[in-house]
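Okay, here's what each chain looks like letter by letter:
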Amino acid sequence: MKKLILLLLLSSFIATGQNFEKTIYLKNGETKTGFVTLDDSGVKFKVHKKSKDKIKYLPNEVERVEFESENGIKTIYVYKNTERILENSPRLMNIILEGNVTLYEEFYTYGYSSETRYYVSKQNEKLTLIYKGLGNSSNKAIKNYFQDCPSFIELLNRQAFRKIVVMEKGNRIPLRLLKMVEYYNSKCSND
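Cut-off values and rules
- Residues numbered from 1 in each chain as written.
- Predicted model: local features only at pLDDT ≥ 70, side-chain atom pairs only at ≥ 80, totals over all residues.
- Heavy atoms only, no water.
- Helix = DSSP H or I, 4+ residues; strand = E, 2+ residues; numbered from the N terminus.
- Buried < 20%, exposed > 50% of the residue type's maximum accessible area, 1.4 Å probe, protein only.
- Areas by Shrake-Rupley, 256 points an atom, 1.4 Å probe, with all protein chains shown as cover.
- Pairing = 2+ DSSP bridges.
- Axes fitted to C-alpha atoms, helices over the stretch in contact; angles between N-to-C directions.
- Contact = heavy atoms within 4.5 Å.
- Polar contact = N/O pair within 3.5 Å; in protein donor to acceptor, adjacent residues only side chain to side chain.
- Arc of directions from axis to C-beta.
- Salt bridge = Lys/Arg side-chain N within 4 Å of Asp/Glu carboxyl O.

I'm lost on the overall build of the protein chain in this one. Help?
If you tally the helices and strands in the protein chain, you get five helices and ten strands. Each of the 191 residues in the protein chain was classed as buried or not, and the buried ones make up 45%. Total accessible area on the protein chain stands at roughly 11,000 Å², and carbon and sulfur atoms take up 49% of it.

I'm lost on the sheet that holds strand S5 (residues 62-68) in this one. Help?
The strands making up a sheet associate through backbone hydrogen bonding, with each pair oriented either parallel or antiparallel. Pairing is antiparallel in the open sheet, where ten strands are placed in the order S4-S3-S2-S1-S5-S6-S7-S8-S9-S10. In this open sheet, the two edge strands, each paired with only one partner strand, are strand S4 (55-57) and strand S10 (128-132). Mean inter-strand twist for the sheet, computed between neighbouring axes without regard to direction, equals 40°. Two elements, strand S6 (residues 74-81) and strand S7 (residues 90-97), share six bridges in a ladder whose sense is antiparallel. Bridge pairing in S7 places Tyr 79 opposite Leu 92.

Explanation requested: the environment of Thr 33 in the structure shown.
By the secondary structure assignment, Thr 33 is in strand S2 (residues 31-39). With 33 residues separating them along the chain, Thr 33 and Glu 66 place their C-alpha atoms 9.4 Å apart. Every residue in contact with Thr 33, bar those within four places of it in the chain, is listed here: Glu 21, Lys 22, Thr 23 and Phe 45. Of the polar contacts made by the side chain of Thr 33, one reaches the side chain of Thr 23; its length is 3.2 Å.

So what exactly am I meant to see when it comes to the environment of Ser 114 here?
You can see Ser 114 is positioned in strand S9 (residues 113-122). Setting aside residues no more than four positions away along its own chain, Ser 114 makes contact with Tyr 108 and Thr 109.

What is the right way to read helix H3 (residues 150-157) from this model?
One turn of an α-helix holds 3.6 residues; hence residues three or four places apart share an orientation. Among the residues making up H3, those that are buried are Phe 152, Ile 153, Leu 155 and Leu 156. Along the axis of H3, the buried residues cluster in a sector spanning 160°; they form a single face. Downstream of H3 by one or two residues, Gln 159 has phi in the positive range, about 60°.

Can you walk me through the pattern of salt bridges in this structure?
Across all of its chains, the model carries nine salt bridges by this definition. Among the salt bridges present, the one from Arg 91 reaches Glu 106, with a minimum N-O distance of 2.7 Å. Of this pair, Arg 91 sits in strand S7 while Glu 106 sits in strand S8 (residues 101-110), and the two are 15 residues apart along the sequence. The burial state of Arg 91 is the same as that of Glu 106; both residues are buried. Across the pair Arg 117 and Glu 115 runs a salt bridge, and its minimum N-O distance is 2.6 Å. The pair Arg 117 / Glu 115 is uniform in exposure class, with both members buried. Each of Arg 64, Glu 66, Lys 74 and Glu 98 takes part in a single network of salt bridges with overlapping partners.

Any functional reading would require information that these geometric values do not contain.
Right, dumping it as structure tokens:
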């Protein structure tokens, strides 16, 4: 399980290139498998790796893009709207964990800098930012989001999720967030 989690977190860094065949699920019901590059502006699709013919799909046309790496790790990308000042356009997100609460990862670039941001969303709700950049994990945002689960809040107050992660792999924020969402989905969510 530990190896799977680490591979899952690392797989997103290689996913946007054309090293693997990927499957595009379009909102019109079509499915296409081939070589894909993707970013916030959309998806470029080629049937064959060396093909010069590309088809471009805009974010609002794409349901999801999936592929499986050589390690057998499944990676899923979707486009989601985020709320930012002067911006409400779809952003490319990697689904880290899907369930009653889904954990998303976004690689956000601005100027010469970049950061990784993590969002959560319950079934068809807007995304809620719970972590951005280095050291900006907000226990307040996490408590507000998961307030409907007293046992979760108790564990958070005792820093149990942080202790679990330190014992497993050092204090890696993505792993801590993953453990939180796993706990919530298994112990707190109403099906």
